[in-house]
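# Chains, contacts and geometry: an overview
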Amino acid sequence: MTPSPSVLLSLRDRALREEIDGWMRGYGYETCLTADAEETITWLRQERFSASFLDSGMERADGGAVWRLVRPGTARRVVLMARERNQDLWFEALRHGVATVLPLPPVEEMVRAALSAVSGSLPGDTRTY
């Protein structure tokens, strides 16, 4: 079982994955890191994450995109990260129930805002709005 709160970072780009991991840990989250499609699917089926940041280009061996396998209840905690600025992909992801889509590479403030929106708040964040 993963510690709570935890975040899944499933990104193909190692340097980017490590950079975002540093941000997440700085926000008080434990992270599960992967660049493997099958491992991502296993994590998503076995664990409940506060948020999952998924690479839109990560595909299974049969060519199917990993993010399309996310169940509706889980999709609302998914932040899809895409290099392409393809409006069709963005609308399809949102119709699928994905919480939001961020461009790759992301800006830290965008990641923080997406994480806060998906998880409700950041650990230790005492700000009121």
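Residues numbered from 1 in each chain as written. Predicted model: local features only at pLDDT ≥ 70, side-chain atom pairs only at ≥ 80, totals over all residues. Heavy atoms only, no water.

## Structural notes on the packing of helix α1 (residues 14-26) against helix α5 (residues 108-119)
Taken N-terminus to C-terminus, the directions of α1 and α5 make an angle of 55 degrees; their axes are 11 Å apart at the nearest point. When the axes of α1 and α5 are compared, the pair comes out oblique. Pair α1 / α5 crosses with right-handed handedness. Counted together, Ile20, Trp23 and Met24 of α1 and Glu108, Val111 and Leu115 of α5 form the full contact between these two elements. The residue inventory of the contact of α1 with α5, partitioned by class, reads 5 nonpolar, no polar and 1 charged. (Axes fitted to C-alpha atoms, helices over the stretch in contact; angles between N-to-C directions. Helix = DSSP H or I, 4+ residues; strand = E, 2+ residues; numbered from the N terminus. Parallel < 35°, antiparallel > 145°, perpendicular 65-115°, else oblique. Left-handed = near helix turned anticlockwise from the far one by under 90°. Contact = heavy atoms within 4.5 Å. Nonpolar A, V, L, I, M, F, W, Y, C, P; charged D, E, K, R; others polar.)

## Thoughts on the sheet that holds strand β3 (residues 51-55)
Spatially, 5 strands are ordered β2-β1-β3-β4-β5 in an open sheet, and the strand pairing comes out parallel. The sheet is open, and its two edges are formed by β2 (30-34) and β5 (100-103), each paired on a single side. Across the sheet, the mean angle from the axis of one strand to that of its neighbour is 20 degrees, orientation sign disregarded. In this fold helix α2 (residues 37-46) packs onto β1 (6-10), β2 and β3, with an angle of close to 160 degrees to the strand it touches most, β1. Set on the sheet, α5 makes contact with β1, β3, β4 (78-82) and β5; between it and β5 the angle comes to about 170 degrees. (Pairing = 2+ DSSP bridges.)

## Side note on the pairing of β3
The buried count for β3 comes to 5 of 5 residues, which makes it a mostly enclosed element. Residue alternation in β3 divides its side chains into two sets, Ala51, Phe53 and Asp55 and Ser52 and Leu54, and both sets are buried. The sheet contact formed by β3 and β4 spans 4 bridges and is parallel. Considered in β4, the bridge of serine 52 is made with valine 78. (Buried < 20%, exposed > 50% of the residue type's maximum accessible area, 1.4 Å probe, protein only.)

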